[in-house]
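Notes for the structure review
The lines below spell out each chain.
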Amino acid sequence: MDKLQYAAELISASKNLMVLTGAGMSTESGLKDFRSKDGLASGTYEGYYPEEILSRGFFYHNTALFYQYLKEKLNVSGYSPNKGHQILAEWEKKREMTIITQNIDSFHQKAGSIHVIEVHGTLAECTCLKCRMEKPLSLVLKEGYTCPCGGIYKPNIVLYDEEVTEISRAFSVARAGDLLMVLGTSLKVYPAASIPEIYGINHKRGIIINRDETLYSHHYNVTEINDGIGASLQKIERKKKKIESSRDIDQTTQVLDKEE
Ligand SMILES: [Zn+2]
């Protein structure tokens, strides 16, 4: 069977869909992939490697430069969710669904998704380390990172030397899923890379859409599509609608049969 058709049937039948998204989801919105060959992590900034800048120690000792880096390299203002994000948000209206994302752009929520676990946090908001007041990053960049209380604002992202606190919640949610869909990640970076195993890929189905082949491309339970996410999801969505409308007709006929 055609892979897209099979994916559409699996999604249509799913009652608790788990979606794991990575950088590839956002690059289709025009954002740069941090880890790709000519991505953000490949060069230095003011003599520092990005992994160094995005660490807790650097944040405390070089706060101004840290924020300058965010403003110039990681700022997502001017970019918006793409067709892929919108289709996922639509799917959530019909079934239980959770998105586990490695992205920090909050595009899933902007597109309308509700159950989203951001394992690496979000760049959208900052929190004052002293009084815990929250403020959007856009305002912190405009008005400065000092809070009226005297504390400093830190973006709600997980820095390189910090613990990924949301991962245990992500794991328990992943275990409960009846279908796993992986979008835009080659599943090489832990802890998100362990999600297929935790979910139970050896006894439940999975769909992967990623430009490059992943470790799971030949797994017996995995249908892998090596293509763009937005384009693939649009094709799947069309097929899914066909499946669901023919199922609705079947159900109507059944009801009519009973009434006779
Ligand atoms: Zn404060």
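These notes cover the structure that comes with them. (Residues numbered from 1 in each chain as written. Predicted model: local features only at pLDDT ≥ 70, side-chain atom pairs only at ≥ 80, totals over all residues. Heavy atoms only, no water.)

**Here we look at helix α9 (residues 167–176)**
Test applied: Exposed residues in this analysis have more than 50% of their type's maximum accessible area, buried residues have under 20%, and partly exposed residues fall in between, with area computed by a 1.4 Å probe over protein chains only. Secondary structure elements are taken from DSSP: a helix is a run of H or I of four residues or more, a strand is a run of E of two residues or more, and numbering for both begins at the N terminus. Our arc is simply the arc of the directions from the helix axis toward the C-beta atoms. Note on contacts: a residue pair qualifies if any of its non-hydrogen atoms lie within 4.5 Å across the two residues.
Looking at α9, one finds that the buried residues are Ile167, Ala170, Phe171 and Ala174. Across the axial projection of α9, the buried residues extend over an arc of 100°, all falling on one side. For α9, the elements touching its buried residues are β1 (16–21), β2 (96–101), β3 (116–118) and α10 (195–199).

**Notes on the packing of aromatic side chains**
Definition in use: Put simply, two rings from Phe, Tyr or Trp (the six-membered ring, in Trp's case) pair if the centres are within 6.5 Å, and we call them stacked under 30 degrees between planes, edge-to-face over 60, tilted for the rest.
For the structure shown, the criterion picks out 7 aromatic pairs. Both rings, one in tyrosine 45 and one in tyrosine 69, keep their centres 5.1 Å apart while their planes meet at 75°; by these two values the pair is edge-to-face. You can see tyrosine 45 sitting in the loop between α2 (23–27) and α3 (50–53) and its partner tyrosine 69 sitting in helix α5 (residues 63–74), a full 24 residues away along the chain. The pair tyrosine 45 / tyrosine 69 is uniform in exposure class, with both members buried. Taking 4.9 Å as the distance between ring centres and 75° as the angle between the ring planes, the aromatic pair formed by tyrosine 48 and phenylalanine 58 counts as edge-to-face. Highlighted residues: tyrosine 48 in the loop between α2 and α3 and phenylalanine 58 in helix α4 (residues 56–61), separated in sequence by 10 residues. Classification of tyrosine 48 as partly exposed rests on a relative accessible area of 27%.

**With respect to empty space enclosed by the protein**
The following threshold applies: For each structure, a 1 Å grid was placed over the protein atoms alone; sets of points admitting a 1.4 Å probe that cannot get out are labelled cavities, open sets with protein on both sides within 12 Å along at least five of seven lines are labelled pockets, and lining residues have an atom within 4 Å of a point. Grid points are joined across faces, edges and corners, and a volume is the space filled by probe spheres set on the points. Polar here means any residue other than Ala, Val, Leu, Ile, Met, Phe, Trp, Tyr, Cys and Pro, which are nonpolar, and Asp, Glu, Lys and Arg, which are charged; Gly is therefore polar.
Per the counting criterion, the structure on display carries 1 cavity of 30 Å³ or more. What the largest cavity holds in volume is close to 40 Å³. Taken together, Leu180, Val182, Pro196, Ile201, Gly206, Ile207, Ile208, Tyr216 and Val222 make up the full set of residues lining the largest cavity. At the level of elements, β7 (179–183) and β8 (206–209) are the ones that each hand at least two residues to the lining of the largest cavity. Among the elements that make up the lining of the largest cavity, the one with the highest residue count is β8 (3 residues). Considered class by class, the residues forming the lining of the largest cavity number 8 nonpolar, 1 polar and no charged.

**Concerning the layout of surface pockets**
The calculated volume of the second largest pocket comes to roughly 200 Å³. Lining the second largest pocket are 14 residues; nearest its centre among them are Val76, Leu123, Ala124, Leu137 and Ser138. Secondary-structure elements contributing two or more residues to the lining of the second largest pocket are β4 (121–128) and α8 (137–143).

**Regarding the coordination of the zinc ion**
Six octahedral donors around a metal ideally subtend angles of 90 or 180 degrees, whereas four tetrahedral donors ideally subtend 109.5 degrees. The cut-off we apply is this: Here a donor is an N, O or S atom found within 2.8 Å of the metal, or within 3.2 Å if the metal is Na, K or Ca; sites may look incomplete because water is not among the atoms. Think of it this way: with four donors and all angles in the 85 to 135 degree range, the site is tetrahedral; with four or six donors, opposite ones beyond 155 degrees and the rest between 65 and 115, it is square planar or octahedral; otherwise it is irregular.
For the zinc ion, the protein coordination sphere consists of Cys128 (SG), Cys131 (SG), Cys147 (SG) and Cys149 (SG), at 2.3 Å. Classification of the site at the zinc ion as tetrahedral follows from its 4 donor atoms and the range of 103 to 115° in their angles at the metal. Positions of the donor residues of the zinc ion along the chain correspond to the pattern C-x2-C-x15-C-x1-C. On the criterion of sequence distance, the pair formed by cysteine 131 in the loop between β4 and β5 (134–136) and cysteine 147 in the loop between α8 and β6 (153–157) is long-range, its members being 16 residues apart. Assessed through its relative accessible area of 4%, cysteine 147 is described here as buried.

**Some thoughts on the sheet that holds β4**
In plain terms, the rule: Any two strands with at least two DSSP-identified bridges between them are counted as paired. Every angle, taken between N-to-C directions, lies between 0 and 180 degrees, and every axis is a line fitted to C-alpha atoms, over only the stretch in contact when it is a helix.
If you trace the 3 strands from one edge of the open sheet to the other, you get β5-β4-β6, paired in antiparallel fashion. The sheet is open, and its two borders are formed by β5 and β6, each paired with just one other strand. Direction aside, the axes of adjacent strands within the sheet are offset by 40° on average. In this sheet, β5 lies alongside β4 in antiparallel orientation, the contact comprising 3 bridges.

**Re the side chain of glutamine 102**
Here glutamine 102 shows up in the loop between β2 and α7 (107–111). Residue class for glutamine 102 comes out buried when judged on its relative accessible area of 14%.

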